Amino acid sequence: MLGARQLQASRCARQAAGSIKLNHRMVGCKAVANGSTQPRRASNDDKKQLIDNVDCFIFDCDGVIWRGDSVIDGVPETLDMLRAMGKRLVFVTNNSTKSRAGYLGKFTGLGLNVNAEEIYSSSYAAAAYLESINFNKKVYVIGESGILEELDLKGIQHLGGPGDADKVVALKKGEYMEHDEDVGAVVVGFDRYINYYKIQYATLCIRENPGCLFIATNRDAVTHLTDAQEWAGNGSMVGAIAGSTKREPITVGKPAEFMLDNIARTFGLQRQQICMVGDRLDTDILFGKNGGLTTCLVLSGVTDEETLLSPDNSVHPDYYMSQLSELLTVKEPAGVAA
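Residues numbered from 1 in each chain as written. Predicted model: local features only at pLDDT ≥ 70, side-chain atom pairs only at ≥ 80, totals over all residues. Heavy atoms only, no water.

J.: Would you take a moment to explain the sheet that holds strand 15 (residues 319-321) for this structure?
T.: Think of a sheet as strands paired side by side through backbone hydrogen bonds, with each pair either parallel or antiparallel. Strand order in the open sheet formed by six strands is 5-4-1-13-14-15, and the pairing between neighbours is parallel. The open sheet is flanked by strand 5 (119-121) and strand 15, the only strands paired with a single partner. If you compare each strand with its neighbour and ignore which way they point, the axes differ by 20° on average. The pairing of strand 14 (residues 294-298) with strand 15 spans three bridges and is parallel. Bridge assignment links Leu297 to a residue of strand 15, and that residue is Tyr320. (Pairing = 2+ DSSP bridges. Helix = DSSP H or I, 4+ residues; strand = E, 2+ residues; numbered from the N terminus. Axes fitted to C-alpha atoms, helices over the stretch in contact; angles between N-to-C directions.)

In C-alpha cells form, the structure reads like this:
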C-alpha cells in the first residue's frame with residue numbers, strides 16, 4: 001500500500017480537484033502542493049508498490065516515451081512488461097500537430113506496440129470538448145493538420161489552419177480584414193506557420209463574434225520537437241491571442257481537468273487506479289495531482305533533479321526516477337492482477 005503521507009497527498013489532491021469548475025467559459029487549473037511531503041526517488045520497494053497498486057498508467061509522450069524522433073532507451077521493454085502484467089496503458093500528449101491516427105504512425109515507426117484507442121492527444125481533446133458542449137458552429141484553427149483531422153472526425157466545420165499559412169497582411173492604407181461571423185470558436189494549437197494574418201483573424205472572431213469561444217490545446221512554455229534542444233511551445237501562440245483579445249482561454253490539454261475526466265470516462269477508470277507518469281511539473285504532475293492520481297516524474301525530459309528539489313518548487317510527485325525503464329528492475333511484483 002502507499003504510505004500515509006502519499007495517501008494524505010492524494011486525498012488533498014482529490015479535494016482540490018473537486019473545486020475545479022468545468023463550463024463553457026473556463027476549465028480551471030490549480031496548483032496543489034504536497035506541504036511537508038518532499039519529492040522521493042523511487043526505491044525498488046516503491047516501484048513494486050506502485051505497480052501493485054495501479055491498474056492504469058497514463059504516460060506523457062515527449063520526454064517520457066521519446067525525445068524528438070528518438071525513442072528513449074528501455075521504453076519498449078518497459079511497456080511490454082507492463083502489458084504482460086495486465087496493466088492498461090494510455091498515452092497522452094499536449095502536442096496537437098498530429099491526430100491520434102498520426103501519432104499511431106509515430107509510435108509504430110519507433111517500434112512501439114500501441115493501439116490507436118490508447119492515444120489521447122490535445123488535438124483530440126479540443127474536438128472532444130466541442131462535441132461535449134454540442135457545438136454547432138464553425139471553428140477557426142490556429143494549428144496544424146492534427147486539429148483539422150480530429151474536427152473532421154467529429155463532423156465539425158472549420159477554416160484556417162495550414163490553409164492560411166501563406167496569407168500576408170500588407171497593412172496598406174485603409175486595409176480592412178473581413179472575417180466569418182459564423183465562427184463560434186477559435187482553437188489555438190501549436191503552429192509552425194503562425195503569422196500575423198492568423199493572429200488578426202482569430203482576434204476578430206473572438207472580439208466581434210458574440211459568444212465565440214477561445215480554446216487552447218495547451219499552454220506549454222516549451223516543447224521537444226527535436227532531440228537537440230527545447231523549442232518555444234504553444235504557450236507562445238496562445239499568449240499572442242490572449243494579449244490581443246484580453247481573454248483567457250479554455251485549456252483542454254494537461255493540466256486541465258477536461259482531458260483527465262474524458263480519459264477516465266472513456267476507459268471506465270476510477271482515479272485511484274491511475275498513475276500519471278510525466279516529465280513536467282507544471283503540466284504532467286500538476287495534471288495528476290489536481291486529478292487525485294498517483295504521480296511519478298521522470299528526469300528524461302524537461303525537469304531536472306535540481307528544479308524538482310528546489311525550495312521554490314511546490315508541485316511534488318509521489319515518486320521520481322531517472323527514466324521510465326527503471327521500472328524494469330521490478331521483475332515479479334506480488335499481487336499484480338492478470
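Structure shown, so let's carry the discussion forward.
J.: Looking at this model, I keep getting lost on helix 2 (residues 44-53). Mind explaining?
T.: Since the α-helix advances by 3.6 residues per turn, residues separated by three or four positions end up pointing in the same direction. All of the buried residues along helix 2 are Asp46, Lys47, Leu50 and Ile51. For helix 2, the angular spread of buried residues about the axis comes to 130°, placing them on one side. Those residues of helix 2 that are buried lie in contact with strand 1 (56-60), helix 3 (75-84), strand 13 (274-278), strand 14 and strand 15. (Buried < 20%, exposed > 50% of the residue type's maximum accessible area, 1.4 Å probe, protein only. Arc of directions from axis to C-beta. Contact = heavy atoms within 4.5 Å.)

J.: Looking at this model, I keep getting lost on unusual backbone geometry. Mind explaining?
T.: Residues apart from glycine generally show negative phi values, whereas peptide bonds are mostly found in trans. A cis amide bond links Lys254 with the next residue in sequence, Pro255, at an omega value of 5°. Take Pro255: it is sitting in the loop between strand 12 (250-251) and helix 9 (257-267). Of note in the backbone geometry, Leu171 takes a positive phi value of approximately 55° without being a glycine. Within the secondary structure layout, Leu171 lies in the loop between strand 7 (158-160) and strand 8 (183-188). A residue is classified by how much of its surface remains accessible, and Leu171, at 63% relative accessible area, is exposed. Unlike most non-glycine residues, Lys246 shows phi in positive territory, near 55°. Inspection of the secondary structure assignment puts Lys246 in the loop between helix 8 (234-245) and strand 12. When its relative accessible area of 79% is taken as the criterion, Lys246 is described as exposed.

J.: Explain helix 9 to me, please; I cannot follow it from the model alone.
T.: Of all eleven residues in helix 9, eight are buried, a share of seventy percent or more. Among the residues of helix 9, those classed as buried are Glu257, Phe258, Met259, Leu260, Asn262, Ile263, Ala264 and Phe267. One or two positions beyond helix 9, positive phi appears at Gly268, with a value near 65°.

J.: Is there a simple way to think about the pairing of strand 14 in this case?
T.: Successive side chains on a regular strand alternate, one facing one side of the sheet and the next facing the other. For strand 14, the tally of buried residues reaches five of five residues, placing the bulk of the element in the interior. Of the strand pairs in this sheet, strand 13 and strand 14 are connected by four bridges, and their pairing is parallel. Paired with Gly278 across the bridge in strand 14 is Leu297. With helix 10 (residues 281-290) bridging strand 13 and its parallel neighbour strand 14, the resulting β-α-β unit is right-handed. (Right-handed = clockwise from strand over helix to strand, strands pointing away.)

J.: Even after reading the chapter, I still don't get the nonpolar core, so can you show me in this structure?
T.: Among soluble globular proteins, nonpolar side chains are generally buried collectively. Core analysis: the largest hydrophobic core is formed by 36 residues, its most contacted members being Ile58, Tyr120, Leu130, Val139 and Ile215. Among the elements that take part in this core, helix 5 (residues 122-132) stands out by supplying seven residues, more than any other. Those residues in contact with Val139 that sit more than four places away from it in its chain are Leu130, Leu151, Ile156, Gln157, His158, Leu159, Val183, Ala185 and Val187. Counting 33 residues, the second-largest nonpolar core is a separate cluster that includes Met85, Leu112, Val114 and Val277. (Core = buried A, V, L, I, M, F, W, Y, C linked by side-chain atoms within 4.5 Å.)

J.: When you look at the pattern of salt bridges in this model, what are you seeing that I'm missing?
T.: A side chain with one charge may pair with a side chain of the opposite charge, provided their charged atoms come close. Taken as a whole, this structure holds 19 salt bridges when the rule is applied. Between Glu131 and Lys154 there is a salt bridge, and its shortest N-O distance comes to 2.9 Å. A residue pair is termed long-range when its members are at least 10 positions apart, and Glu131 in helix 5 and Lys154 in the loop between helix 6 (145-153) and strand 7 qualify at 23 residues. Given the relative accessible area of 26%, Lys154 is considered partly exposed. For Asp180, the salt bridge is made with Lys138, and the minimal N-O distance between the two is 2.8 Å. Residue Asp180 is found in the loop between strand 7 and strand 8, and its partner Lys138 is found in strand 6 (residues 138-142); the two are separated by 42 residues along the sequence. For Asp180, a relative accessible area of 19% translates into the label buried. Residues participating in the shared-partner salt-bridge network are Arg41, Lys47, Glu305 and Glu326. (Salt bridge = Lys/Arg side-chain N within 4 Å of Asp/Glu carboxyl O.)

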